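Fold and geometry: a report
If you want the building blocks of each chain, they are given just below.
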Amino acid sequence: MIEKTLKETLPESIHPHVTTLQEDIYEAQAIENKLKGIILFFSIVSLLITLLGVYSTITLDTERRQKEVAIRKVNGAGLKQIILLFARLYIKLLTVSAIIAFPLIYIVIQMWKKAYIVFFNDGIIYWAGIFIGITFITALTVLFRILGIARINPAEVIKNE
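Note that this is a predicted model, so its numbers are computed, not measured. (Residues numbered from 1 in each chain as written. Predicted model: local features only at pLDDT ≥ 70, side-chain atom pairs only at ≥ 80, totals over all residues. Heavy atoms only, no water.)

This part covers the pattern of salt bridges. Taken as a whole and judged by the stated rule, the model has five salt bridges. One salt bridge connects Arg64 with Asp61, and the closest N-O pair in it is separated by 2.8 Å. Of this pair, Arg64 and Asp61 both sit in helix α3 (residues 30–64), separated by three residues, roughly a single helical turn. (Salt bridge = Lys/Arg side-chain N within 4 Å of Asp/Glu carboxyl O. Helix = DSSP H or I, 4+ residues; strand = E, 2+ residues; numbered from the N terminus.)

Next up, the structure:
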């Protein structure tokens, strides 16, 4: 409709081209949009690899400490104590890795922001959301394996040793 009105009011030698701001931004940042897709893909792949690493580590740790868990269960330890026995290590690892990684990522994002006029808001809620999301996914991975080892009959473990 706007192009039709412009064609009627402007001379025939001028051909108007009307675009929206969203189209202009998308055209100007075409490389960034492609880069966003690539980064998203690799971040998902790296998250899956990390979770597989955490799962294999907790599997190795629980298999190695089966006798200890069996003895603790025989002595009256409940599910909560067994979960805390293993979860402490992974909570510490997650916290240390976040303390190292978040400032580095924050510095990179601040440098990247300088190249743009409009950028997303990366306040405390953004960083807390990332930490809570990663913590939740890691906790589910660890808890899944710990519950498996906690349900094993202690008599069977001691008999097999």
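Among the nonpolar cores identified, the biggest contains 11 residues, and these are Val54, Ile58, Val69, Ile82, Leu85, Phe86, Tyr90, Val142, Ile146, Ile149 and Ala150. When contributions to this core are tallied by element, the ones reaching two or more residues are α3, α5 (79–113) and α6 (124–150). Two domains each provide a minimum of three residues to this core, namely domain 1 (18–77) and domain 2 (78–160). With near-sequence residues (within four places) excluded, Ile146 lies in contact with Ile58, Ile82, Ile83, Phe86 and Ala87. (Core = buried A, V, L, I, M, F, W, Y, C linked by side-chain atoms within 4.5 Å. Buried < 20%, exposed > 50% of the residue type's maximum accessible area, 1.4 Å probe, protein only. Domains from an automatic or database assignment. Contact = heavy atoms within 4.5 Å.)

Looking now at the packing of aromatic side chains. For the structure on display, the rule yields six aromatic pairs. Between Phe102 and Trp127 the ring centres are 5.5 Å apart and the planes differ by 55 degrees, which places this aromatic pair in the tilted class. In this pair, Phe102 sits in helix α5 while Trp127 sits in helix α6, placing the two residues 25 residues apart along the sequence. Ring pairing ties together the aromatic residues Phe102, Tyr106, Tyr126, Trp127 and Phe131, which thus form one cluster. (Phe/Tyr/Trp six-rings, centres within 6.5 Å; stacked < 30°, edge-to-face > 60°.)

Taken by themselves, the reported measurements are silent on function.
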